[in-house]
Structure formats: structure tokens, C-alpha cells
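# Report on the structure
Read off the chains here:
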Amino acid sequence: MALDQSFVGRTYPPTPAYEVGREKIREFAEAIGDPNPVYRDPEAAKALGHPDVVAPPTFPIVISMPAADQVVYDPALGLDWSRVVHGDQRFNHERPMRPGDRVVAVVTVESIKSIAGNDMITLMTEMSTEDGELITVARALLVARAAEEEQS
Amino acid sequence: MTETESVAERFAVGAVLPAASFPITRKDLVRYAGASGDFNDIHWNGRFAVEVGLPDVIAHGMYTMAVAGRVLTDWAGDPAAVQEYYVRFSRPVAVPDDGVGALVEVTGKVTKALDGGRVQVDLTVLSAGQKVLGKASAVVRVS
């Protein structure tokens, strides 16, 4: 069933602030197997001109993915979340996230399409500090694959 | 060759980034699930993955994106130089529980000079000889 086009442009309420921590950045860097000292050692980060360690470029997914759940599980939208796969992902960084950033995410439905029974929804997530400094914009295409009977 | 020239050549259109290969095991996926908070069963539960029609447990697309991004950040020198990063998840990376896992191979090339001392880099990301990320590209500040 095609999704309601009137959701395009809808913005969801800001998420509670997520406080970025130095150890969380380290944990994420370990998990992606990246030994870069700029993710762990404040002195190495300072040598590159940063005030503290920085987070890897894909780290903001830790915040944007839970934020997107507001849309994925919105009963009014009716996305079949059991059939959702991640279609694509984009990040536009103003700067890397750093320890102490208290990040608020605001999700907007940017587009809704239906192609061959697949519902395709693009979510734009703006992540800013509580003070309103924009850090990163993430865009994710989520695809709810057509149910079997709709494919035939 | 002066130092300045070598830096210019390193970031010139057509320049090739150092390639890298990354093995992925089930343990890596478990660790990434914990660090990212994405505990979707298809990334660790083989029984569930097969039930929903996948060949096996598959890597998180975001894990593959992160791993491929290391080619960008290692080349750029400062991860903060990666201002934009885009990938399409075109094919899942199956990670069998066979003691070997999967191998992701990443190559990259500077394809365009942009304003503001930035360049576009296109990545090719393969596993088992097939493209797993499509249209993978980044905008990197190089000066």
C-alpha cells in the first residue's frame, strides 16, 4: 500500500539530547577497526587543530538511527517496518562530533515514493547542539520491500 | 620534486588512494552492533537471516560504509576533512560463520576538483568480486 504523501515535509519533535562521550567515540572506533589516534588521544587531535578527540564520519548514525524510529514506527504513517531495509546513506558534516556535544536530532520526511510496490522514504536528520549549532545532516533512504502478493 | 608539488599530486584529479582490504567476521558484527546500537537480528542470528530469505548473516550496511570510510580518512590525514560521504547499499555482504568471514576491498580515486580546496573522491567497494556499495563518493577538503 502506498504511503500517505501528506507526510512529505513533516518534521518530528526534537529528540532528547544525546551527550557524546570520549569513551563512546573510542568504542565506536574500535568497533569499526580503526586505530586512528585522533579518535582516542586528545593530544593527537589537538595536533590536527581540534579541541578534543573527534568522532569518525559515520558516528552520527548512533544518533540518527534511533531518531528515525519515530517515523519508522509512526502508526499514522503505517510503514511496514518488518520489511524495511537501508537503501542509502549520506552525511553532510559541518564539523565532526566531539566529547561534550549535547546533540539534538530533528527528523524531517523529505520524500516518499512508491516504485514497483516498494515504499521508499527519505529522512533528513539535522543534528545540532542544544545551543543550535548545526553539526551534521544525515539523509537515509529507507525501503519497505513490497509484500509477496504485491510483487506478482 | 618539492614537498608542495608532491602534495598537489597526491590530491590531483586522477590520483589513486591507497587501496585497502578489510576482513569481516561475525565477532566484528557483534562488536559493531553493540557500539552502534543496531541489534537487528539479520546481523548476528543466522537462523533468522535465512528465515527472512537472506543467504546468511549480513554485515550492517553502516559497518561496511564505516570500514570503507577508513580509506578516505587515512588518505585525508584528518577525518574532519571528510565533509560529505554517500553510499548506496546495493548488495548485502554475507558473513559466514566459517572462521574466515568476508573480505571487503576498497579502492578510491579523485574524480573532480571542487571549490573551497575540496575534491570529490569516488570509492569502489567490492566483496567476493561484486560491488556491495554503489555510487560511493565523498567530498574531502584537501587544502
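An unreviewed UniProt entry lists chain A under the name UPF0336 protein KDK95_03735, from Actinospica acidithermotolerans. The annotation that UniProt attaches to chain A under Sequence similarities (unreviewed entry) is "Belongs to the UPF0336 family."

## Quick look at the side chain of H93(A)
On the secondary structure map, H93(A) appears in strand 2 (residues 84–93). For H93(A), a relative accessible area of 15% translates into the label buried. A polar contact of 2.9 Å, which involves the side chain of H93(A), links it to the backbone oxygen of P57(A). Polar contacts involving the side chain of H93(A) include one to the side chain of T136(A), which spans 3.0 Å. With residues up to four places along the chain from it excluded, the contact list for H93(A) reads P57(A), P60(A), I135(A), T136(A), V82(B) and Q83(B).

## What about the pattern of salt bridges?
Overall, the coordinates contain 15 salt bridges over all chains when judged by the stated rule. D34(A) is paired through a salt bridge with R70(B); the nearest N and O atoms lie 3.9 Å apart. Linking D34(A) in the loop between helix 1 (22–31) and helix 2 (42–47) with R70(B) in helix 4 (residues 61–76), this pair reaches from one chain into another. Residue D34(A) is classed as buried on the basis of its relative accessible area, which comes to 1%. Between D28(B) and R31(B) there is a salt bridge, with its nearest N and O atoms 3.9 Å apart. Here D28(B) pairs with R31(B), and both are found in helix 2 (residues 26–36), just three residues apart, close to one helical turn. Under the relative-accessibility criterion, R31(B) is labelled partly exposed at 39%. Here the salt bridges share partners, and the residues they tie into one network are E19(A), R102(A) and E130(A).

## Side note on the pairing of strand 5 (residues 130–141) of chain B
Successive residues of a regular strand alternate their side chains across the two faces of the sheet. All names here are of chain B. Pairing between strand 2 (residues 82–89) and strand 5: six bridges, direction antiparallel. Paired with E84 across the strands is V139, a residue of strand 5. Relative to strand 5, strand 4 (residues 118–127) runs antiparallel, the two being bridged by eight bridges. In the strand pairing of strand 5, V121 is matched with A138. Following strand 4, the chain reverses through two residues before pairing antiparallel with strand 5; A128 in that reversal takes a positive phi of roughly 50°.

## Things to note about helix 2 of chain B
Within the sequence span of helix 2 of chain B, burial applies to R26(B), D28(B), L29(B), Y32(B), A33(B), A35(B) and S36(B). If you follow the buried residues of helix 2 of chain B, they end up packed against helix 1 and helix 3 (61–72) of chain A together with strand 1 (16–24) and helix 4 of chain B. Residue G37(B) follows helix 2 of chain B closely and has a positive phi angle near 85°.

About the cut-offs
- Residues numbered from 1 in each chain as written.
- Chains lettered and ligands numbered in written order.
- Predicted model: local features only at pLDDT ≥ 70, side-chain atom pairs only at ≥ 80, totals over all residues.
- Heavy atoms only, no water.
- UniProt positions renumbered as here; feature names shortened; annotations may be inferred.
- Helix = DSSP H or I, 4+ residues; strand = E, 2+ residues; numbered from the N terminus.
- Buried < 20%, exposed > 50% of the residue type's maximum accessible area, 1.4 Å probe, protein only.
- Polar contact = N/O pair within 3.5 Å; in protein donor to acceptor, adjacent residues only side chain to side chain.
- Contact = heavy atoms within 4.5 Å.
- Salt bridge = Lys/Arg side-chain N within 4 Å of Asp/Glu carboxyl O.
- Pairing = 2+ DSSP bridges.

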